[in-house]
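Here's the letter readout for the chains.
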Amino acid sequence: MTRLTRALLGACAVSALAVPAMAATTLTIATVNNGDMIRMQKLAEDFTAKNPDVTLEWVTLEENILRQRVTTDIATKGGQYDVVTIGNYEVPIWAKQGWLVPLDGLPADYDVEDLLPALRAALSMDGNLYAAPFYGESAMVMYRTDLAEKAGVTLGDAPTWATVLDAARKMTDKDAGISGICLRGKAGWGENMAFLSAMANSYGAAWFGPDWKPQFDGEEWKAVLNDYVSVMADAGPQGASSNGFNENLALFQQGKCAMWIDATVAASFVTDEKESTVADKVGYAQFPNKEGVDNHGNWLWSWNLAIPASTDAPDAARAFVAWATSKGYTNLVAEKEGWRAAPPGTRTSLYENADYKAAAPFAEKTLAAINAATPEKPSVKDIPYTGGQFVAIPEFQAIGTAVGQQFSAAVAGQVKPDQALTSAQQLTEREMTRAGYIK
Amino acid sequence: MQERSNYFRHFMNSVVISIGSTLLGLLVAVPAAWSMAFQPTRRTKDLLMWMLSTKMMPAVGVLIPIYILFQRAGLLDNRFGVMVVLMLMNLPIIVWMLYTYFREIPGEILEAARMDGAGLWNEIRHVLTPMAVPGIASTMLLNIILAWNEAFWTLNLTASKAAPLTAFIASYSSPEGLFYAKLSAASTMAIAPILVMGWFSQKQLVRGLTFGAVK
C-alpha cells in the first residue's frame, strides 16, 4: 500500500468519525393547530439561527388527533417526537408514568419564578417541572355591553349564576335572532363537560366523593343540570347540543349571542375587528358562582411543551422548549406581530407590561381568572382528585365523554335532566369500579 | 400555505404510498384471485367471506400491536411501512374485485392455453391478464383512491417524513379558532390530484366496473 493510499484511507476514516459529531440534530415537534402555535412555527427561524446545528420538523395536528397520536407514541415508547404539545390534564398523569423528562437545567435567564403559580403547580410533580407552559387560559363571561344596556341588566365584575341566568333571559331577542346565552352543548370531555364541570364546581358540586363514588345523585348536580338545560331552552341558540367553541365563536362574532361563557382565549377573537362584527361592544366578567359558594369554576387549561422520555435528543429539545416559552420569545412575538399577539396566561411579567395591557383590554380579567383557579382543590367539597374543568385521572377522557353524551342529549330534549343524571351516575360508578377506584 | 407546510413532500408521499400499496396489493391479489376463480376448493367461499370480515374489524382495535411491531421493525414514519399496512387493509377488496372479474372469463380459454403448453405463469401473464385488463385497471384505480383517502393509519403511523396529504389536511383543522379559508384551500389541494386522475380515467373505471355485465 503506497503512502498516498494510506493517507487517503486515513483521511476517509477521520472524516467518517467526524461526520456524526458534526451531524445536525433533527427535532420532531408535535403541536396543536391553533393561532399561537402556528405563529411559533413561523418564528422558529430565530431558534434555528441561534442553533444552526438543529433542524426542526413540524407535525401540526388538530387537538384530538394530536392527543391520540402522541399518546400512542409516548405510551409505546415509539420515539417519533422530541417535543410534544400536551395539556395540563396529561402532564401530571404522564409524569407519574415516567414518560416525560423533568425540565431541570433550564437556563438561568428562563426565570421559572415568573411562571404563573397556578400553572406552575399544575405542571409540576414532587417539585419538578415536567412541562413548560406555552399559553394558558381560564374561562370567563363575555357579553354584549350594548344588549345588556338595552335590556337593563348589569353583570358587574363577578356575577352570580342567578344574575347571569336572569340576564340571559332578559337579553334574548328571538325576533332579532339573538340568543341570550351561548354555552357548549357538544358532547365530549373537552367540550360540554369542560364547561359543565367548571359550572358544577361553582355550584359546590364535585365529580367524586372522598371514596371515589360519583356524585351525580346529589342536589348540587341536579341544580347544575336543571339550570343549564332550562336556560339553554329559554335563551340558547337552536341546535345548541351540537355547538362547541367554534360554533359559539361564530355566533358571537356575528352578533347572534348576547353572552358567551368560555375560554379566555376567545377574548382575542371576539375583539378582532377583522373577524368580529361586535369587536367594540364586548364586556367581560369573572366565571359566575352560585350564591354562597366561594368557587369560580376553577377552569385552568394550558398548552405546554414537554419532552418525551423516548427522545434521543433531550438537550436540543430542552433548548427548544426553553426558547419557545421564554420571555425572549414573548418579546419576539411583540416585536414581529404586536403585543396583542403575545401568548397569554403563562408569565406574571406579561401582565405587568404596560404595552401588553394597553393592547389587550381583556388582560386583567384573564389574569384574574387564571389566578382564581386552584387546580389542586377544584371543588369546595372534600375530594380525592385534582383538576378543574376535568378530573386528573386517566379514565376521565372516556367517562367524561360518556357523561357528556348524556348531558348533550338532555339539552337536545331527548332525555330529562333527571334521567341523564341517573345514567351518568350508573355509568361512572360502573367504570370507576372496573378501574379499581371503588372497592 | 407552502410557507407553513411542505405540500410537495406530502403530495409525493401520497403518490408513492397509494401507487405502491396498490402495486403490492395486485402482486398478491392476482394469483390469489386466480386460484379462487379457477381452482376453487370447498373452503373458497368461506375464505372470501373471512377476508371480507376483516374489513369489519375497527382499525383502532389493532393500532397498538401494529404500532409496536412497526416501532421494533423501524417502520414508523416510513413510506414502505405505510404501503404494507394499506395493502393489507385493501387486500380483501382487491381480491374480491379481481375474483369477480376473473370468474367472468371462461375457464375453457385457460384450458386451451394449457393444452397448448402454457405453464401457470404464462397462463396468468399472457392469457388471463390481457383479458382482465379493464377489471385490473378499475381495481387499481379504486384502490389508489382508497389509499389516497385513508386517514387513520396514515395519521397514526407517520410523523413528518412519510406523512401524506391526509396529515396535511389534518394540520389545518382546529377546535379553537375559525380557519375555514385555509382549511378549504388545504382540502382543495389535497383532493385535486386524485380528482384530476379520476376525471381522466373515468372511461376505464366505468368500463372496468361494468366488465362482464350484460351489455
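Reference entry: report on the structure contained in this document. Each chain has its residues counted from 1, running along the sequence as written. Each chain gets a letter, beginning with A, and each ligand a number, beginning with 1, in the order they are written. Totals for whole chains, interfaces and linings use all residues, but because this is a predicted model, local features are given only for residues with pLDDT of at least 70 and pairs of side-chain atoms are given and counted only at 80 or more. Calculated side-chain values reflect all of the structure's heavy atoms, with hydrogen atoms and water omitted.

Secondary structure elements are defined from DSSP: runs of H or I of at least 4 residues count as helices, runs of E of at least 2 residues count as strands, and each element is numbered from the N terminus. Within chain A, the regular secondary structure consists of 19 helices and 10 strands. Throughout, the radius of gyration refers to the C-alpha atoms, and the reference size of a globule is 2.2 Å times the residue count to the power 0.38. In terms of C-alpha radius of gyration, chain A reaches 24 Å, essentially the compact-globule figure of 22 Å for 439 residues. For the C-alpha atoms alone, the extent of chain A along its principal axes is close to 95 × 55 × 35 Å. Three labels apply to residues, based on accessible area from a 1.4 Å probe with only protein chains included: buried if under 20% of the type maximum, exposed if over 50%, partly exposed otherwise in between. Burial status across chain A gives 58% buried among its 439 residues. Here, residues are in contact when the closest pair of their heavy atoms is within 4.5 Å. The contacts in chain A between residues at least 6 apart in sequence include a share of 75% that link residues at least 24 apart. Here the positive residues are Lys and Arg and the negative ones are Asp and Glu; neither His nor the chain ends is included. The location of each charge is read from NZ of Lys, CZ of Arg, CG of Asp or CD of Glu. Distance from the positive charge centre (36 side chains) to the negative charge centre (51 side chains) of chain A: 3 Å.

This next bit is on the interface of chain A and chain B. Taken together, the 34 residues of chain A in the interface contact 28 residues of chain B. Salt bridges are counted wherever a side-chain nitrogen of Lys or Arg sits within 4 Å of a carboxyl oxygen of Asp or Glu. If you look at where chain A meets chain B, you find 1 salt bridge. We note a salt bridge from Arg-9 of chain B to Glu-57 of chain A, for which the minimum N-O separation is 2.9 Å. At the level of elements, α2 (35–43), β2 (54–61), α4 (63–75), β6 (132–137) and α11 (245–253) of chain A are the ones that each hand at least two residues to the side of chain A that touches chain B. Ranked by the residues each element gives to the side of chain A that touches chain B, the list is headed by α4 of chain A, at 6 residues. Class assignment for the residues of the side of chain A that touches chain B results in 13 nonpolar, 13 polar and 8 charged. All amino acids are sorted into three groups, where Ala, Val, Leu, Ile, Met, Phe, Trp, Tyr, Cys and Pro are nonpolar, Asp, Glu, Lys and Arg are charged, and the leftover types, Gly among them, are polar.

In this section: the packing of helix α7 (residues 133–149) of chain B against helix α10 (residues 180–200) of chain B. All names here are of chain B. For every element, the axis is a line fit to its C-alpha atoms; helices are fit only across the contacting stretch, and the angle between N-to-C directions ranges from 0 to 180 degrees. Their axes nearest at 11 Å, the elements α7 and α10 cross at an angle of 175°. Considered as vectors, α7 and α10 are oriented roughly antiparallel to each other. Across the interface between the two elements, Leu-141, Ile-144, Ile-145 and Trp-148 of α7 pack against Ala-190, Pro-193, Ile-194 and Met-197 of α10. Within the contact of α7 with α10, the residues separate by chemical class into 8 nonpolar, no polar and no charged. For classification, angles of less than 35 degrees are called roughly parallel, those exceeding 145 degrees roughly antiparallel, those between 65 and 115 degrees roughly perpendicular, and all remaining angles oblique.

To continue, consider the state of the cysteines. All names here are of chain A. Throughout, disulfides are identified as pairs of cysteine sulfur atoms within 2.5 Å of each other. By the definition in use, this model includes 1 disulfide over all chains. Through a disulfide, Cys-182 is tied to Cys-257; the S-S separation comes to 1.6 Å. Taking the torsion about the sulfur-sulfur bond, which here is approximately -55°, the covalent link between Cys-182 and Cys-257 counts as left-handed. Of this pair, Cys-182 sits in the loop between α8 (161–171) and α9 (192–202) while Cys-257 sits in the loop between α11 and β8 (259–263), and the two are 75 residues apart along the sequence. Looking at Cys-257, the relative accessible area reads 0%, which means it is buried.

The next subject is the sheet that holds β8 of chain A. All names here are of chain A. Here a strand pair is declared whenever DSSP counts at least two bridges between the two strands. Taking strand neighbours across the sheet as the criterion, the 3 strands line up as β8-β7-β9 in an open arrangement whose pairing is antiparallel. In the strand order of this sheet, the two ends are held by β8 and β9 (282–286), each with one partner. Here the strands of the sheet are splayed against their neighbours by 30° on average, with no regard to which way each runs. Two elements, strand β7 (residues 139–144) and β8, share 5 bridges in a ladder whose sense is antiparallel. Its bridge partner lying in β8, Val-141 is registered against Ile-261.

For residues besides glycine, phi is generally negative; the peptide bonds are generally trans as well. Even without glycine at this site, Lys-77 of chain A takes up a positive phi of about 55°. Relative to the assigned elements, Lys-77 of chain A resides in the loop between α4 and β3 (83–87). For Lys-77 of chain A, a relative accessible area of 54% corresponds to the exposed category. Even without being glycine, Asp-77 of chain B reaches a positive phi, approximately 55°. Along the chain, the position of Asp-77 of chain B falls in the loop between α3 (63–73) and α4 (79–104).

Going through the model one piece at a time under the given rule, you end up with 22 salt bridges over all chains. Residues Arg-67 of chain A and Glu-90 of chain A are paired through a salt bridge, measuring 2.5 Å at the closest nitrogen-oxygen approach. Pair noted here: Arg-67 of chain A is in helix α4 and Glu-90 of chain A is in helix α5 (residues 90–96), with a separation of 23 residues, a long-range link. Here Arg-67 of chain A and Glu-90 of chain A have matching classes, each one buried. Across the pair Arg-114 of chain B and Glu-123 of chain B runs a salt bridge, and its minimum N-O distance is 2.8 Å. One network of salt bridges, with partners in common, ties together Asp-36, Arg-39, Lys-42 and Glu-337 of chain A.

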